[in-house]
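# What the coordinates show
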Amino acid sequence: MVLKVINHPFSYDMKNLCTVFFPYEKIKDDGEADIVVVTQKTDSSLIVDAKVYDKRLKKSSDVHCHPDTATAMSVLLYDTLSSIMGFSPAWGILYGVRPAKLMHRIAKERGEQGAKDYFKNEFLVHPQKVQLTAEVMQHENRIISLSKNNSFSLYVSIPFCPTRCSYCSFVSHSIERTQKLMNPYVDLLCNELEEIGTLSSQLGLRLETIYFGGGTPTTLDANLLAKLFLTIEKSFDLSALREYTVEAGRPDTVSLEKLKTLKTAGVNRISINPQSFNDEVLEAIGRKHTSKQALDAFELARQCDFDNINMDFIAGLPKDTLDSFRNSIDTGVNLGAESITVHTLALKSAAYLVTRSSTFDLSDRLTADSMVNYSNAALKSNGYYPYYMYRQSKSIGNLENVGWCKPGNDCLYNVYMMDETHSVFAAGAGAVTRLKNQLTGKIDRIYNYKYPYEYVDNFDQVILRKSGIKSFYSEYK
């Protein structure tokens, strides 16, 4: 599609809002296309002129009626495209990752009800999403209040999986391709963890949460996991640790030996992520496990006395139906999972042929919306509450990802990451260290090499970059 921005500086907002309506389209600023959107500001008017295949609509508003021209232009574009498409995305003109954080900022100025009204009236967010955001904000604020000025979290990246899921956007590699890297990778990861431990000790920092993500950390065998856990135990002061999470996401990587290793190390929260309890869906997305294996893995974790287990599900997966998605959510609830995270499938545009029919076909968006609405109602009625939320570009229907939990089972790390509450020191391939200045709110980032082979080949640079932690805190103090 072509997006033309004339006489105003809001191209970033216009582009993101166009992506909400046309997630498969590559946006350019000139040329011929089946979809052309022109946004223009004159001395007296804001104008949007949109052509979507054979449909065209032009709308305008008085520029002097709006104190915030950027919001007014976004509202006009949203209104125009909604009229053409016959679809009004529930998040209105918002496209940001952290709506609860935005509401919190507005609530500081206007109060909670004022923030809710602002979301509804200025951002055009649908009432149910406004209420969801307010609930998430309340629970996030409770968790954020636990963090101290010298708090930090630790993220450990294990970028290996049994196979790569078709929807995956993370840095993860199937073990068939990277088996030979796993031992040297873990050796170097231990070295990096030791370095981070030394720095955090020198800086007098307080470790609040540890999170092993990936990839699938339990792709590693029990001995390699134990080696990492021992390194952490020796390198960090764990006396203030509130939460120790390891993703055991793929049920086909879960074994009694690994679960015992996690339990011995003090891990108190795990994820077993079926994504769906429909075997046809699992096959379609490239997962090599069955629903029964997910049930067996969950039962095995219970036998090992894990009492804080998360399960992930994704709305909008290929081959899934509303009925089978309902069954997946109901199964997770009936198992008694302490937390259930509901994601919305994020779309990939590279292999998609965009046609007029696909542009105006709302079936996938409406089905995903029904799935998300069902999960929200079912989880709330079964004693779960929404404790964190984030949004991704190009998700089906521009929907959200929400973590739900039973009382007292919030994942603290998820909230700290989403809110950017305190520093997160990150180790491993693809890991990004976020450094938070508690006085100014400034965030600096230190990037590790993205892929495992780059991480292994350039490890000296990885360690050198970590010196930036000390430099940052020296300036901070």
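Scroll up a little and you will see the structure.
Let me sum up the structure you'll find in this document.

Here is what the cut-offs are and how they apply
Residues numbered from 1 in each chain as written. Predicted model: local features only at pLDDT ≥ 70, side-chain atom pairs only at ≥ 80, totals over all residues. Heavy atoms only, no water. Helix = DSSP H or I, 4+ residues; strand = E, 2+ residues; numbered from the N terminus. Expected span 1.5 Å × (residues − 1). Buried < 20%, exposed > 50% of the residue type's maximum accessible area, 1.4 Å probe, protein only. Contact = heavy atoms within 4.5 Å. Phe/Tyr/Trp six-rings, centres within 6.5 Å; stacked < 30°, edge-to-face > 60°. Lys NZ or Arg CZ within 6 Å of the ring centre and 35° of its normal. Axes fitted to C-alpha atoms, helices over the stretch in contact; angles between N-to-C directions. Parallel < 35°, antiparallel > 145°, perpendicular 65-115°, else oblique. Nonpolar A, V, L, I, M, F, W, Y, C, P; charged D, E, K, R; others polar. Pairing = 2+ DSSP bridges. Right-handed = clockwise from strand over helix to strand, strands pointing away. Polar contact = N/O pair within 3.5 Å; in protein donor to acceptor, adjacent residues only side chain to side chain. Core = buried A, V, L, I, M, F, W, Y, C linked by side-chain atoms within 4.5 Å.

### With respect to helix 13 (residues 363-381)
The terminal C-alpha atoms of helix 13 lie 27 Å apart, and with 19 residues this matches the ideal 27 Å at 1.5 Å per residue to within 8%. Buried within helix 13 are the following residues: Arg365, Ala368, Met371, Val372, Ser375, Asn376, Ala378 and Leu379. Count one or two residues on from helix 13 and you reach Gly383, which has phi positive near 90°.

### What about the environment of Leu81?
Residue position: Leu81 is located in helix 2 (residues 69-85). Residues Leu81 and Phe21, 60 residues apart in the sequence, show an inter-C-alpha distance of 7.4 Å. Among residues more than four places away in sequence, those in contact with Leu81 are Cys18, Phe21, Phe22, Val37 and Ala50.

### Side note on the packing of aromatic side chains
The geometry of an aromatic ring pair is captured by two quantities: the separation of the ring centres and the angle between the planes. Applying the stated rule across the entire model yields 21 aromatic pairs. With a centroid separation of 5.1 Å and 80° between ring planes, the pair formed by Tyr118 and Phe123 is classed as edge-to-face. The exposure class assigned to Phe123 is buried, which follows from its relative accessible area of 10%. By the ring-pair criterion, three or more aromatic residues cluster together here, those being Phe152, Phe425, Phe472 and Tyr473. For Arg365, the ring lying beneath its charged end belongs to Phe87, and the centroid distance is 5.1 Å.

### Regarding the packing of helix 7 (residues 222-235) against helix 8 (residues 256-265)
At a closest axis distance of 9 Å, the pairing of helix 7 and helix 8 adopts a crossing angle of 10°. In terms of axis orientation, helix 7 runs roughly parallel to helix 8. Facing helix 7, whose interface residues are Ala222, Leu225, Ala226 and Phe229, helix 8 presents Glu257, Lys258, Thr261, Leu262 and Ala265. Within the contact of helix 7 with helix 8, the residues separate by chemical class into 6 nonpolar, 1 polar and 2 charged.

### Points about the pairing of strand 8 (residues 206-214)
Summarising burial for strand 8: 8 of the 9 residues are buried, a large majority. One ladder, built from 4 bridges, connects strand 8 with strand 9 (residues 243-247); its direction is parallel. Residue Thr209 lies in a different strand from strand 9, and its bridge partner there is Glu243. You can see the chain leave strand 8, run along helix 7 and come back into strand 9, and the turn it takes is right-handed.

### Re the environment of His8
Within the element layout of this structure, His8 appears in the loop between strand 1 (2-6) and helix 1 (11-21). What makes His8 buried here is its relative accessible area of 10%. Remark: the alpha-carbon pair of His8 and Thr42, spanning 34 residues in sequence, is separated by 8.8 Å. The residues contacting His8, other than those within four sequence positions of it, are Met14, Thr39, Gln40, Lys41 and Met73. Within the structure, His8 has its side chain in polar contact with the side chain of Thr39 (distance 2.9 Å).

### Looking at unusual backbone geometry
Looking along the chain, the bond that leaves Gly214 and enters Gly215 is cis, with omega of 5°. With respect to the element layout, Gly215 can be found in the loop between strand 8 and helix 7. For Tyr53, which is not glycine, the phi dihedral falls at a positive 55°. Here Tyr53 is to be found in the loop between strand 3 (45-52) and strand 4 (55-62).

### Observations concerning the nonpolar core
Grouped together as the largest cluster of nonpolar side chains are 130 residues, with contacts concentrated most on Val37, Leu154 and Phe212. What Val37 contacts, discounting residues up to four positions off in sequence, is Met1, Val2, Leu3, Lys4, Cys18, Val48, Asp49, Ala50, Leu77 and Leu81. With 18 residues, the next largest nonpolar core counts Ile143, Tyr390, Tyr413 and Ala431 among its residues.

### Things to note about the pairing of strand 2 (residues 35-41)
With 5 of its 7 residues buried, strand 2 lies for the most part within the structure. When strand 1 meets strand 2, the two strands line up parallel, connected through 5 bridges. Within strand 2, the residue paired with Leu3 across the bridge is Val37. With helix 1 bridging strand 1 and the parallel strand 2, this β-α-β connection has left-handed handedness. From the end of strand 2 to the start of strand 3, which pair antiparallel, there are 3 residues.

### Focus: the environment of Ala431
Secondary-structure assignment places Ala431 in the loop between strand 15 (423-427) and strand 16 (432-436). Judged by relative accessible area, Ala431 falls into the buried class, the value being 1%. Setting aside residues no more than four positions away along its own chain, Ala431 makes contact with Tyr155, Ser157, Ala426, Ile446, Tyr447 and Asn448.

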